[in-house]
Structures are given as structure tokens and as C-alpha cells.
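# Structural overview
Listed below, chain by chain, are the residues.
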Amino acid sequence: MTQKIVVDFGLCESNGVCMGIIPEVFDLDEQDYLHVLQDEVTPENEHGVRESVRQCPRQAISIVDE
Ligand code: SF4
């Protein structure tokens, strides 16, 4: 089963907490728009992604089973 990273852009306030934890997955551009660079949870990114879910102050990040 694949696990996907989903950001609720209605909740995200572009504070960059997730990018600070794992910049390979989350990137804020010059317009403060958040891009999800890898939308699948992998063994390599799982720790950082789960930490981002936990630490996002807006609870905007979720992991969904596909
Ligand atoms: S930590 Fe949450 S609120 Fe902050 S940029 Fe990432 S998704 Fe948006």
C-alpha cells in the first residue's frame, strides 16, 4: 500500500516548519507557496514526514493510504 503526503493549503500558513525538518519533501518558493516535492512516503523520508505532521502548527499535513 502506498502512503501519500497531503497538504491542506487552506490551513497552511507558509511558516516553513516542515521545510526546516525535511527540505527534500517540502519547499517554500519566493511567493511563500508550499510545494510538496515528493508526495509518497518512503523509508528514507518517513521519519521527517511524520515529524512534520506532528510539528506543523496548523495541522495541515496528513498521510493518507492509497
Ligand atoms: S509546517 Fe504546516 S503550516 Fe507550516 S509550511 Fe508546512 S504545512 Fe504549512
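Above this text sits the structure in question.
Just so it is clear, the model here is predicted, and its values are computed rather than measured.

Core analysis: the biggest nonpolar cluster contains 13 residues, and I5, V25, F26, L34 and I61 have the highest contact counts within it. Among the secondary structure elements, those contributing two or more residues to this core are β1 (3-7) and β2 (26-28). Excluding anything up to four places from it in sequence, F26 contacts I5, V7, C18, M19, L34, H35, V36, S52 and I61.

Bringing the pattern of salt bridges into the picture now. Counted according to the given criterion, the structure contains 4 salt bridges. Here D39 ties to K4 by a salt bridge, and the two come within 3.5 Å at their closest N and O atoms. In this pair, D39 sits in the loop between β3 (34-36) and α2 (46-55) while K4 sits in strand β1, placing the two residues 35 residues apart along the sequence. Here D39 falls in the partly exposed class, since its relative accessible area comes to 38%.

Rules and cut-offs
- Residues numbered from 1 in each chain as written.
- Predicted model: local features only at pLDDT ≥ 70, side-chain atom pairs only at ≥ 80, totals over all residues.
- Heavy atoms only, no water.
- Core = buried A, V, L, I, M, F, W, Y, C linked by side-chain atoms within 4.5 Å.
- Buried < 20%, exposed > 50% of the residue type's maximum accessible area, 1.4 Å probe, protein only.
- Helix = DSSP H or I, 4+ residues; strand = E, 2+ residues; numbered from the N terminus.
- Contact = heavy atoms within 4.5 Å.
- Salt bridge = Lys/Arg side-chain N within 4 Å of Asp/Glu carboxyl O.

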